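What follows is the residue order along each chain.
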Amino acid sequence: MNFEHTEDRRMLADMLRRFVSEQYDFPARDAIARSEAGWSQAMWQRYAELGAIGALFTEADGGLGGAGFDIIVVFEALGRGLVLEPFLDTLMVGSVLARAGTSAQRERLAALIEGSATVAWAHAEPGNGYALDEVETTARRDGDHWVLDGAKAVVTLGDQVSWLLVSARVSEADIGLFLVPADAAGVARQGYPLIDGGRAAEITLSGVRVPADHAVGAPSEGAALIEHAAGRGVLALCAEALGAMDAAREATLEYLGTRRQFGAPLGSFQALQHRMADLLIEIEQARSAVINAAAALDKPERAARERALSAAKVTIGRVGTRVAEESIQLHGGIGMTWELPLAHHAKRLVMIDHQLGDEDHHLRRYIALGQEAEASA
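Residues numbered from 1 in each chain as written. Predicted model: local features only at pLDDT ≥ 70, side-chain atom pairs only at ≥ 80, totals over all residues. Heavy atoms only, no water.

The protein carries the name Pimeloyl-CoA dehydrogenase small subunit in an unreviewed UniProt entry, which gives Bordetella genomosp. 5 as its organism. Taken from UniProt, the Cofactor (unreviewed entry) comment for the protein reads in full: "FAD". For the protein, the Sequence similarities (unreviewed entry) comment in UniProt is given as "Belongs to the acyl-CoA dehydrogenase family." (UniProt positions renumbered as here; feature names shortened; annotations may be inferred.)

Rendered as structure tokens:
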């Protein structure tokens, strides 16, 4: 089987990698991370002009790609540069709008692709776990409006974006999705910086009224739409982790080649060579899992698709943590300093494990999906 990207994807990968290394180097990224906003609108617009946002969506939806391999090409480049702009939430919310949005809502998707609008995925809640159906925020119909009450946690750039896509329970069995203006009456946003850069916010919804046409899809479709968006998000996070792991590995190899001890480069010591060889094998195993997940992303069989995604997240969680730990250990004390990009790659790898379900959650999910498939066979 040929695992090489198409020529168009290779060109996109090369362009993004050059742009990130030249225009989004670590000093530039650090300044953005320390800024009050936690991201750069100017950079976001430049990514849109380069087609990096459009590559996440199909041509029918106004984009340039939209396949699993397009997603991993973009997010690998982002992972190498620790990019802070809201690619993940744009991908997830845009996927929902493309799948179930009305014509008016799909116009908002076009604005997202152009970089003129921003949106946040507001699904996680305080005290709830990783299961996608754990939603306590409520929505009730009141004439031509929906009224939302509840709270959302760790919403990426939630105090900066113009729109929120909020999940809310409309009945015991159904979950709805609602586009909510971030400045709507009853929306309270408390922003804060994140440990791996950027910002997030705690969102409180108190009697927030939105027109009925702000509901995305039917409530009976909500659970499937959330799973669809989360699947794309999981693949994106796995690809981002690959980029961060490659950057950490390359930085460690360079350090071992230049740092001298006992009159010789550290990289000349066989024990350290073995550790780096083991690390490379682990990264390549993770890459294979991500490639498998990308190939399965649009499969109609739910069990095969979701198991491949969970398998990739399990592998990324385990390998990402090991790469972070080994890279810092091989650097010694300097590996923990703020001024070294490696420390930030390590933090990002650890945090990726906890986004959209950690290693333990996805291992349990992988097993449960297999049991469901066997029972239905």
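Alright, that's what it looks like, and here's the rest.
## Brief notes about the environment of Ala-343
Here Ala-343 lies in helix α10 (residues 341-354). If sequence neighbours within four positions are ignored, Ala-343 has contacts with Gly-335, Met-336 and Thr-337. (Helix = DSSP H or I, 4+ residues; strand = E, 2+ residues; numbered from the N terminus. Contact = heavy atoms within 4.5 Å.)

## Let's talk about the layout of surface pockets
Of the pockets and cavities examined, the largest pocket occupies roughly 960 Å³. Lining the largest pocket are 42 residues, with Leu-88, Val-154, Thr-156, Gln-355 and Leu-356 sitting closest to its centre. The set of elements that each furnish at least two residues to the lining of the largest pocket consists of α4 (68-81), α5 (87-100), β1 (119-122), β3 (145-156), α7 (222-258) and α10. Residue composition of the lining of the largest pocket, grouped by class: 23 nonpolar, 10 polar and nine charged. (1 Å grid on protein atoms, 1.4 Å probe; cavity = no way out; pocket = protein on both sides within 12 Å on 5 of 7 lines; lining within 4 Å. Points joined across faces, edges and corners; volume = space filled by probe spheres on them. Nonpolar A, V, L, I, M, F, W, Y, C, P; charged D, E, K, R; others polar.)

## Concerning the pattern of salt bridges
For the structure on display, the rule yields 23 salt bridges. Of the charged contacts, one joins Glu-227 and Arg-365 as a salt bridge, the two residues approaching to 3.4 Å between their closest N and O atoms. A residue pair is termed long-range when its members are at least 10 positions apart, and Glu-227 in helix α7 and Arg-365 in helix α11 (residues 359-376) qualify at 138 residues. A relative accessible area of 17% places Arg-365 in the buried class. (Salt bridge = Lys/Arg side-chain N within 4 Å of Asp/Glu carboxyl O. Buried < 20%, exposed > 50% of the residue type's maximum accessible area, 1.4 Å probe, protein only.)

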